[in-house]
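What follows is the residue order along each chain.
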Number of protein chains: 2
Amino acid sequence: MFGAVEAGGTKFVCAVGTEEGELVDVRELPTRAPGETLPLVADYFRAYDLQALGVGSFGPVDLAKGSPTFGMLTSTPKLEWRGTNICRTLAQELGVPTFVLTDVGAAALGEVMRGGHGHLESCLYITVGTGIGAALFFHGEIFSGVAHPEMGHIAVRRAPNDTFQGACPSHTDCLEGLASGTAIRERWGVPGDQLPVDHEAWPIEAHYLADGVVNFIYTLYPERMILGGGIMRQPRLLGLVRENVIQRLNGYHVPQPITAIDEYLVLPRLGPLSGVYGALDWAIRQYRRRLLVPGK
Amino acid sequence: MFGAVEAGGTKFVCAVGTEEGELVDVRELPTRAPGETLPLVADYFRAYDLQALGVGSFGPVDLAKGSPTFGMLTSTPKLEWRGTNICRTLAQELGVPTFVLTDVGAAALGEVMRGGHGHLESCLYITVGTGIGAALFFHGEIFSGVAHPEMGHIAVRRAPNDTFQGACPSHTDCLEGLASGTAIRERWGVPGDQLPVDHEAWPIEAHYLADGVVNFIYTLYPERMILGGGIMRQPRLLGLVRENVIQRLNGYHVPQPITAIDEYLVLPRLGPLSGVYGALDWAIRQYRRRLLVPGK
């Protein structure tokens, strides 16, 4: 058996699965202080004989290779979690090898491996929730440079007549600052799920998300793009984004899979389980890699 | 011996080098019509016993794996070159295995392998000339998704008070549309090399390039970034871009190599030879790969 955790800001989704990647049990635990939540997570897993555990974690989390604080939550706005190393704590509690990746990296991996999207060489998963994040699945790996990407913080063009200043504490009007759930709530005074389908918020939202999607296409050319997160539950939004993306690309350097935009730019298929499926897959593949390199 | 070509819009730089990557001869030929230029290129190489030839090509060039028109110039503004397959033509003329990559990909590879930058796991080379392009060196490869990146066409924030519409025929005000040499010439009526060092053009140019650099950092986190191309010859520009980048990042998720911005964001070190060094390296590494996979 392998364990999987999707560590989120409001809940921890814990699951146990087989080496074939099938989930056999799932449990949700509320996110409170680390000293309260992590023992409950450990208790859940103690009932199983685990070979390894995968953790898809909210962030920012230090994933720099060789860093002495690898796996530690750094400048997270959840102050009581700053400095916590979820992965290391659970490894110590449970005595099993534990492997961490970002929450959005886990969602990307889960969708690619278990979402029924067919064989993909590359896939970008974008989540539009309280914040905006993205992870690139690329040839069996989650892409990372000297740090894991923070793609939500790219610059985009301002939508015509949008005078909202922007909600990102670091960059003001980056993509996350203009199009996250936080930005929507600050701009319109209510959360996105309370805005009607014909509200002017949605074409503005689509403008920003389309700029993000186009930027990621021209930079990464993934084989598929998945738009997840709470904001994408607005049923009209995906269609608006698709329209905007095709218009922006304007036919310039648009190869095969992207022209079929309705199959190219899609919603996640595993719903709330993308992340935990991905964390399970991560545990299995990292465990196998360790077996291949004795002593590491 | 190995051959290398940097195929550009105004000249073809041809070179011959050793398997150790040293250049032994370089020749420049003017870019005229394909039927005029390519025979001269072939003639140059016929004097040598080549094992393979590498071509760093202007574009856009079809580099989609398995495409029937692989290596062909597609929608290039140089109309008489549209539909030309430089790589295939030279392979047929010379009877040697010939390998193509983008011009900016070749420059990236040349700088990383021969530019004295030390060992790099990843490096983004950005060229700011008539157009804007970029290529990511990543773990020994030039990064590519379902197509080679067209990073010059990302969206950026408009500089305050810049009312220039934009010069990109496809996207109007993308990065290339606002910050390429073409954009500078259209905005100010003269080419960049005729604008004085204290001209208001440079802070505007730095604004756009910094947005591009920041977007590439948050998306790719390369270990180093190199800014090349004719526009970067303005001596004041690099410093302005560095200042802007640090200001934009505002300390959010900025790990080790990026904080030392003067060593992180640098000019190319091989001058006009980056591309031809890279094409030579490409010929050698692709030739060796083929040797490893008989029958391919």
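Predicted, not measured: the structure shown is a model, and the values here were computed from it. (Residues numbered from 1 in each chain as written. Chains lettered and ligands numbered in written order. Predicted model: local features only at pLDDT ≥ 70, side-chain atom pairs only at ≥ 80, totals over all residues. Heavy atoms only, no water.)

*Asks:* I keep staring at the relation of the copies chain B and chain A and nothing clicks. Help me out?
*Replies:* Relating the two copies of this chain is a rotation about some axis coupled with a shift parallel to it. With an RMSD of 0.0 Å, the operation that places chain B on chain A is a rotation of 180 degrees combined with a shift of 0.0 Å along the axis. The superposition of one copy onto the other is thereby described by a two-fold rotation axis. Of the residues that chain B buries at the interface, 100% are likewise interface residues in chain A, meaning the two copies contact each other through the same surface. (Least-squares fit on C-alpha atoms with pLDDT ≥ 70 in both. Contact = heavy atoms within 4.5 Å.)

*Asks:* How should I be thinking about the sheet that holds strand 4 (residues 52–57) of chain A in this particular structure?
*Replies:* Neighbouring strands of a sheet are bound in pairs by backbone hydrogen bonds; such pairs are parallel or else antiparallel. Residue and element names in this part refer to chain A. Taken in spatial order, the five strands line up as 3-2-1-4-5 in an open sheet, and their pairing is mixed. At either end of the open sheet lies a strand with only one pairing partner, and these are strand 3 (23–30) and strand 5 (98–102). Taking the axes of each pair of neighbouring strands and ignoring which way they run, one obtains an average angle of 15 degrees across the sheet. Of the strand pairs in this sheet, strand 1 (residues 2–7) and strand 2 (residues 11–17) are connected by six bridges, and their pairing is antiparallel. Of the residues in strand 2, the one forming a bridge with A7 is F12. Here helix 1 (residues 34–46) sits on the sheet in contact with strand 1, strand 2, strand 3 and strand 4, set at roughly 15 degrees to strand 2. Its contacts with the sheet put helix 3 (residues 103–114) on strand 4 and strand 5, and the angle it makes with strand 5 is roughly 95 degrees. (Pairing = 2+ DSSP bridges. Helix = DSSP H or I, 4+ residues; strand = E, 2+ residues; numbered from the N terminus. Axes fitted to C-alpha atoms, helices over the stretch in contact; angles between N-to-C directions.)

*Asks:* What should I look at first to understand the packing of helix 1 (residues 34–46) of chain B against helix 2 (residues 86–94) of chain B in this one?
*Replies:* Each pair of packed helices can be summarised by the angle the axes make with each other and by the distance between the axes. Residues and elements named next belong to chain B. Closest axis-to-axis distance for the helix 1/helix 2 pair is 10 Å, and the angle between their directions is 45 degrees. Between helix 1 and helix 2, the crossing angle belongs to the class labelled oblique. Between helix 1 and helix 2 lies a crossing whose hand is right-handed. Residues L38, V41, A42, F45 and R46 of helix 1 pack against I86, T89, L90, E93 and L94 of helix 2. (Parallel < 35°, antiparallel > 145°, perpendicular 65-115°, else oblique. Left-handed = near helix turned anticlockwise from the far one by under 90°.)

*Asks:* Sorry, what's going on with the sheet that holds strand 4 (residues 52–57) of chain B here?
*Replies:* All names here are of chain B. Judged by pairing direction, the sheet is mixed, and its five strands sit side by side in the order 3-2-1-4-5 without closing on themselves. In this open sheet, the two edge strands, each paired with only one partner strand, are strand 3 (23–30) and strand 5 (98–102). The average undirected angle you get between the axes of adjacent strands in this sheet is 15 degrees. Contacting strand 1 (2–7), strand 2 (11–17), strand 3 and strand 4, helix 1 crosses the sheet at an angle of about 15 degrees to strand 2. With respect to the sheet, helix 10 (residues 274–292) is in contact with strand 1, strand 2, strand 3, strand 4 and strand 5, its orientation differing from that of strand 1 by roughly 135 degrees.

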